[in-house]
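Structure assessment
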Amino acid sequence: MKIQIGNTMISSKGKPYFIADIAANHDGSLERAFHLIELAKEAGADVAKFQNFKAKKIVSRNGFDTMERLSHQAAWKKSVFEVYEDASVSDDWTERLKEKCREVGIEYMTSPYDFEAIDLADPYVNAYKIGSGDITWIEIIEYMAKKGKPVLLATGASSMEDVKRAYEAIRKYNNQIVLMQCNTNYTASIENFHCINLNVLNTYKELFPECVLGLSDHTFGHTTVLGALALGARVFEKHFTDDNLRVGPDHKFAMNPITFKEMVDQANLLYEAMGDGVKTIEKNEVESAVVQRRSLYFVRDMKQGEMVKKEDLFPLRPIKSDGIPPYEVDRLVGKKLKVDVKKDTHIRWEDVENAEGK
């Protein structure tokens, strides 16, 4: 499976593709958003991603005010509604963020959280990202899929039934899908590694062979990214900030320019190390094979016409280009020598009569 986002072709066996999710980490400042785009590019990201929503269209003020604060929201100083208001992106930012990304040389992407936001973003994006929280809102998933652009679907806090339902909703209109394993917990706790469940990617690979796999991740560091890459994921999304100590909903668990760059470098090294799966003597092993492998050597001087016995030969390093490997010894036993030979020289097929070797 292959999909194209902008100028980049992404495939199930291609190079890893990295999304720096700036999200709310602009802290309400367009200039800061521009700066984070620049830092994301420098850190090796392929995409600088934002989120388009209006607080009143994504959260209920009364709903959150009348319930106990849960999970990461328990530490927020402001109300949930106010936090979402602060994180909202003004409509007139979209074109300017896109232009900044074009200037820097990085793909612009966003997660739109309502129908108007999708329409607003459409002229500026080459792909859409559906956040895990909207996986049960089939109407908006289908609306996004109908735009005909690649759809990245995060599957955090979801059952397999949820995933199948959303996946099929996209497939009705669009077969350009990146299916992303995700664990939706923003606490940055080390315990989250027990819940990321990367082997779900193997299940996705079996159930949804038509899509590209990915990981939308909120764990600390990049261990999970390397594991997901080894399991076949190729698209990776991590939150991105310039300072993990800043006050805000997404700074604590985000990657910073240093850790993001480390992740990109290590993932690319792992990608190169994984190879094509064809077992062969690699180009950097050719000389090692000569000096490490054994060939058959004479253990005594012998005369022309003598018959070779197994005990006349012993496997030693190196094996020269005309040497004979030890597994061929039975084909040499009983053959007559055509020439005189010296002790500690290697036997060649041309040294014996009726040779069947190469």
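Here is a short report on the structure shown in this document.

Basis of the calculations
Residues numbered from 1 in each chain as written. Predicted model: local features only at pLDDT ≥ 70, side-chain atom pairs only at ≥ 80, totals over all residues. Heavy atoms only, no water. Helix = DSSP H or I, 4+ residues; strand = E, 2+ residues; numbered from the N terminus. Contact = heavy atoms within 4.5 Å. Axes fitted to C-alpha atoms, helices over the stretch in contact; angles between N-to-C directions. Parallel < 35°, antiparallel > 145°, perpendicular 65-115°, else oblique. Left-handed = near helix turned anticlockwise from the far one by under 90°. Buried < 20%, exposed > 50% of the residue type's maximum accessible area, 1.4 Å probe, protein only. Arc of directions from axis to C-beta. Polar contact = N/O pair within 3.5 Å; in protein donor to acceptor, adjacent residues only side chain to side chain. Salt bridge = Lys/Arg side-chain N within 4 Å of Asp/Glu carboxyl O. Expected span 1.5 Å × (residues − 1).

This part covers the environment of Ile141. Note on placement: Ile141 falls in helix H6 (residues 138–145). Sequence separation between Ile141 and Val151 is 10 residues, and the spatial gap between their C-alpha atoms is 9.1 Å. Residues in contact with Ile141, not counting those within four places in the same chain, are Ile130, Asp134, Ile135, Ala166, Ala169 and Ile170.

Moving on, we come to the packing of helix H9 (residues 223–230) against helix H10 (residues 257–274). It is at 10 Å that the axes of H9 and H10 come closest, and there the two elements cross at 25 degrees. Classed by the angle they form, the pair H9 and H10 counts as roughly parallel. Note on packing geometry: the crossing formed by H9 with H10 is right-handed. Residues Val225, Leu226, Leu229 and Ala230 of H9 touch H10, and the partners they reach there are Met263, Gln266, Ala267, Leu270, Tyr271 and Met274.

Along helix H3 (residues 80–87), the positions that sit buried rather than exposed are Val80, Phe81, Val83 and Ala87. For H3, the buried positions fall inside an angular range of 160 degrees around the axis, keeping them on one side. Taken together, the buried residues of H3 touch helix H2 (61–65).

Before going further, it helps to spend a moment on the side chain of His239. Its place among the elements puts His239 in strand E10 (residues 235–239). Judged by relative accessible area, His239 falls into the buried class, the value being 7%. Within polar-contact distance, the side chain of His239 engages the side chain of Asp21 at 3.3 Å. When near neighbours in sequence (up to four residues on either side) are disregarded, His239 contacts Asp21, Ala23, Gln51, His218, Asp250, Phe253, Ala254 and Met255.

Our next topic: the pattern of salt bridges. Applying the stated criterion across every chain, the model contains 23 salt bridges. In this structure, Arg32 engages Asp242 in a salt bridge whose closest nitrogen and oxygen atoms are separated by 2.8 Å. Highlighted residues: Arg32 in helix H1 (residues 30–42) and Asp242 in the loop between E10 and H10, separated in sequence by 210 residues. Asp242 sits in the partly exposed class, given a relative accessible area of 28%. One continuous salt-bridge network, built from bridges that share partners, spans Asp21, Lys49, Lys129 and Glu237.

Attention shifts here to H10. If you check H10, its first and last C-alpha atoms are 26 Å apart, about what 18 residues at 1.5 Å a residue would give, namely 26 Å. Regarding H10, the residues found buried are Phe260, Met263, Val264, Ala267 and Tyr271. Along H10, the residues classed as buried sweep out an arc of 95 degrees about the axis, all on the same side. Turned more than 90 degrees away from the buried face of H10, the exposed residues are Ile258, Leu269, Glu272 and Ala273. Buried residues belonging to H10 abut strand E3 (17–21), H9 and E10. One side-chain oxygen of the residue at the start of H10 lies 2.9 Å from the amide nitrogen of Ile258, identifying that residue as Asn256. Remark: Gly275 follows H10 within two positions and exhibits a positive phi of approximately 65 degrees.

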